[in-house]
Amino acid sequence: MGKITRREGLWAAGFAAVVMALTSAPYLVGFASQTGTWRFSGFLIAVEDGNSYIAKMAQGARGAWLFTLPYSSEPQRGVLIYSFYLLLGKLAGPDHDAQAAAYHLARIVFGFTLLLVSYLFLSEFLPHVRQRRLALGLVALGGGLGWLLVLVGQGNLFNSLPVDFYSPEAYTFLILYTLPHLAAARCFFLLGLLAYLRGRGVLAGLALLGLGFIQPLFVLVAWAVMAAHTAMAQRMPLRRHVLPSTRHASPIPHRAWLSTFLLGVSLSSPLVLYTIYVFFADPLVRQWGAQNILPSPHPLHYLFGYGVWLLPAILGWRVLARRHPSLAHFVGGWALAVPFLIYAPVSTQRRLVEGFQLPLVTLAVLGLTVSLRRFRRWMLLPVFVLALPTSAMLWVGGLGAARQLAEPVFHPADKLAAFAWLADHAQPGQVVLSSFTTGNALPAYTPLVAYIGHGPETVFLAAKEPRVAAFYQSATSESERRALLADGRIAYVIFGPPERALGDFNPEAADYLRWQFSAGDYSIYTAIP
């Protein structure tokens, strides 16, 4: 395809800067809305996961190179996972506010870079500047028809939210809005696939090796895409089998794709194999993986999610097949692999749709601007009108959350005072008993471990949560409470509004709990062995 000119690059950079400024505005409102009694957590959606990322950064700031589950009290060895956040924490330092600022700085930097890399990827398929700009706009801001389901009262169709409201792997806007590690991972993912398309197996392998440090699961997606294209390439006539990004159609041997694929896989496999080994060999990590259930929604959700682009994409594939058969087979192989990936018998199904928005948008743009060029003036506006509302709703919803002083987006100052006391007086790694909601924020503000506080990262949560609820109920026997304190290696117990909502147990009546600190409605007790 054509080269990217300096003017194009400047336009893409300007567009990326505007988009990242737009995604940052609600967070700036959140920080500006803080008061003396309410402090902004740093997150607007998926706050539970956001706190867990800060907890990982805090581990890195304390010197850790191996990750341990901050929401599980069991003894752990540490594993080479979440290196992105451990390293980011080392750069940010131990202060929570500095860590939150570093998180969003990383989100802006990697989000900006992702949009530039996305433009590079799109340019491989789209020859004209207008096509590339249109595609980048749809990739950055486009969603599906999930907003329509919400408006007609079917927002929980088939017991699932519309996929464009919660799947960052499926929609780039969610990555730009919330998750710096997925932005960095997507950059490596796209660069690896580009290197493969250009027949550069070493560069493909190194890019995917970098991806493995951040998100090893996505390496498997890249392998599947390359494998599908390699298999289809073997069936292509040699005279039409050309390398992309070249001006001349020079035939290459079929085995060239196979050798590029095998070289890319071999170089990128170490971290994938290590991760697979850890998830089988380490009992706690295995249990964590078993609890990390992310199923793909009903197929109709994907139909609604991508329906805006499907018809023009089919027409666009025919255009690409005529002009660049190798690229068409690459995109076609990816499209054929997606249904098998997202409904594979694994617990993290929906993550395997990673990056598919880009080739789909590419084909849709080709269909709109080539096959339907006579009607493009009347079709482009409706496509944007249908694709943008979900992102707009997420942005407006975040803006509203940033102005409403309430948990979990904001924390009461009394709770943070209790956390500050624990950070000053407890030993790093000691276990704290609290409600789930309090426990979720605890490791983000202290070097301590929450007995419960995160869905997947609290191993055996289904067994632990009822025991915690029973602990705070006066009807529970003293022996049951003592057993929980001993089994969980619990050093401190928190009593605050979320804990009192679980039951009416009075800690002053227990001789195995000793009061240590109070701030407003929050009190901390030491568990006496």
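Q: Can you explain the pattern of salt bridges? Please cite residues and give values.
A: Tallying each qualifying case throughout the model produces 12 salt bridges. Measuring nitrogen to oxygen at the nearest pair gives 2.8 Å for the salt bridge that ties Glu-124 to Arg-198. With Glu-124 in the loop between helix 4 (96-123) and helix 5 (129-141) and Arg-198 in the loop between helix 8 (180-197) and helix 9 (201-214), this residue pair connects regions lying 74 residues apart in the sequence. The class of Glu-124 is buried, set by a relative accessible area of 2%. Its salt-bridge partner being Arg-467, residue Asp-487 comes within 3.1 Å of it at the nearest N-O pair. Residue Asp-487 is located in helix 21 (residues 478-487), and its partner Arg-467 is located in helix 20 (residues 461-471); the two are separated by 20 residues in the primary sequence. Look at Asp-487 and you get exposed, because its relative accessible area is 53%. Taken together, the shared-partner salt bridges in this structure form one network comprising Glu-169, Arg-350 and Arg-351.

Q: Give me the lowdown on a nonpolar patch on the surface, citing residues and values where you can.
A: A grouping of Trp-65, Leu-66, Leu-80, Leu-87 and Phe-213 is seen on the molecular surface, where their side chains present a nonpolar patch of about 500 Å² in accessible area. Its relative accessible area of 58% is what places Trp-65 among the exposed residues.

Q: Can you lay out the side chain of Lys-464 for me, pointing to particular residues and giving the numbers?
A: Mapped onto the fold, Lys-464 is located in helix 20. Relative accessible area serves as the criterion here: at 6%, Lys-464 is assigned to the buried category.

Q: Hey, could you go over the packing of helix 1 (residues 6-32) against helix 5 for me, with residue numbers and the actual values?
A: Interaxial distance between helix 1 and helix 5 falls to 12 Å at its minimum, and their mutual angle equals 20°. Compared by their axis directions, helix 1 and helix 5 come out roughly parallel. For the crossing formed where helix 1 meets helix 5, the hand is right-handed. Counting all contacts with helix 1, which are made through Glu-8, Trp-11, Phe-15 and Val-19, the residues of helix 5 involved are Val-129, Arg-132, Arg-133, Leu-136, Gly-137, Ala-140 and Leu-141. Broken down by class, the residue content of the contact of helix 1 with helix 5 amounts to 7 nonpolar, 1 polar and 3 charged.

Q: Can you explain unusual backbone geometry? Please cite residues and give values.
A: With an omega of 5°, the peptide bond running from Glu-407 to Pro-408 counts as cis. Structurally, Pro-408 can be placed in the loop between helix 17 (389-403) and strand 2 (410-412). One non-glycine residue, Phe-158, lies in the positive phi region at around 55°. Its place among the elements puts Phe-158 in the loop between helix 6 (146-151) and helix 7 (172-178).

Q: Can you explain the packing of helix 2 (residues 47-61) against helix 4? Please cite residues and give values.
A: Two packed helices can be described by the angle between their axes and the distance between those axes. Where helix 2 contacts helix 4, the axes come no closer than 10 Å and their chain directions differ by 115°. In terms of axis orientation, helix 2 runs roughly perpendicular to helix 4. In this structure, helix 2 crosses over helix 4, and the sense of that crossing is right-handed. Of helix 4, the residues touching helix 2 (which contributes Tyr-53, Ile-54, Met-57, Ala-58 and Ala-61) are His-96, Gln-99, Ala-100, Ala-102 and Tyr-103.

Q: I'd like a rundown of the layout of surface pockets, residues and numbers included.
A: When its volume is computed, the second largest pocket comes out at roughly 490 Å³. Lining the second largest pocket are 20 residues; nearest its centre among them are Leu-310, Ala-335, Pro-339, Phe-356 and Leu-360. Of all elements in the fold, only helix 13 (299-323), helix 14 (325-342) and helix 15 (357-371) reach the threshold of two or more residues within the lining of the second largest pocket. Here the residues of the lining of the second largest pocket are counted per class, giving 19 nonpolar, 1 polar and no charged.

Q: Talk me through the nonpolar core; I want residue IDs and the actual numbers.
A: The tendency in soluble globular proteins is for nonpolar side chains to be buried as a group. Ranked by internal contacts, the top residues of the largest apolar core, which has 133 residues, are Trp-309 and Phe-330. If one sorts the elements of this core by residue count, helix 8 sits on top with 12 residues. For Trp-309, the contacting residues outside a window of four places in its chain are Leu-138, Gly-142, Gly-143, Tyr-171, Gln-357, Leu-360, Val-361, Ala-364, Val-383 and Ala-387. One finds Leu-433, Tyr-451, Ile-452 and Phe-495 within the second-largest nonpolar core, a separate group that totals 21 residues.

Q: Outline helix 17, supporting the account with residue identities and numerical values.
A: A rise of 1.5 Å per residue sets the reference length of helix 17, with its 15 residues, at 21 Å; its end C-alpha atoms lie 21 Å apart and thus fit the reference within 8%. Here helix 17 has its buried residues at Thr-390, Ser-391, Leu-394, Gly-398, Ala-401 and Ala-402. Within helix 17, the buried residues cover an arc of 115° as seen down the axis, which keeps them to one side. Opposite the buried face of helix 17, at more than 90 degrees from it, the exposed residues are Val-396 and Arg-403. Buried-residue contacts for helix 17 involve helix 1, helix 5, helix 6, helix 7 and strand 2.

Reading the values: rules and limits
Every chain is numbered on its own, with residues counted from 1 as its sequence reads. Local features in a predicted model are, by the rule used here, given only for residues with pLDDT of at least 70; side-chain atom pairs are given and counted only at 80 or more, and totals for whole chains, interfaces and linings are based on all residues. Excluded from the side-chain calculations are hydrogens and water; all other atoms, namely the structure's heavy atoms, are used. Each salt bridge in this description consists of a side-chain nitrogen of Lys or Arg and a carboxyl oxygen of Asp or Glu lying within 4 Å of one another. The way it works is that DSSP assigns letters per residue, a run of H or I at least four long becomes a helix, a run of E at least two long becomes a strand, and they are numbered from the N terminus. Any residue under 20% of the maximum accessible area for its type is buried, any over 50% is exposed, and the rest in between are partly exposed; the area is computed with a 1.4 Å probe on protein chains only. Distance thresholds for patches are 9 Å for like charges and 5 Å for nonpolar side chains (Val, Leu, Ile, Met, Phe, Trp, Tyr), applied to residues having over 30% relative accessible area and no salt bridge. Here, Shrake-Rupley sampling with a 1.4 Å probe gives the accessible areas, and only protein chains in the shown set may cover a residue. A fitted line through C-alpha atoms serves as each axis, taken over the contacting stretch for helices, and the angle formed by two N-to-C directions is quoted from 0 to 180°. Note on terminology: angles under 35 degrees are roughly parallel, angles over 145 are roughly antiparallel, angles of 65 to 115 are roughly perpendicular, and the others are oblique. Handedness of a crossing is defined here by the sense of rotation of the near helix relative to the far one, left-handed for an anticlockwise turn of less than a right angle and right-handed for a clockwise turn. Any two residues having at least one pair of non-hydrogen atoms within 4.5 Å are treated as being in contact. Any residue outside Ala, Val, Leu, Ile, Met, Phe, Trp, Tyr, Cys, Pro, Asp, Glu, Lys and Arg is labelled polar, Gly included; the first ten of those are nonpolar and the last four are charged. Of the grid points, spaced at 1 Å and generated over the protein atoms alone, those admitting a 1.4 Å probe that cannot get out make up cavities, while open sets with protein on both sides within 12 Å along at least five of seven lines make up pockets; any residue with an atom within 4 Å of a point is treated as lining. Grid points are joined across faces, edges and corners, and a volume is the space filled by probe spheres set on the points. Residues enter a nonpolar core if they are buried and are Ala, Val, Leu, Ile, Met, Phe, Trp, Tyr or Cys, with the set joined through side-chain atoms within 4.5 Å. The length a helix should cover is 1.5 Å for every residue beyond the first. As used here, the arc belongs to the directions running from the helix axis to the C-beta atoms.

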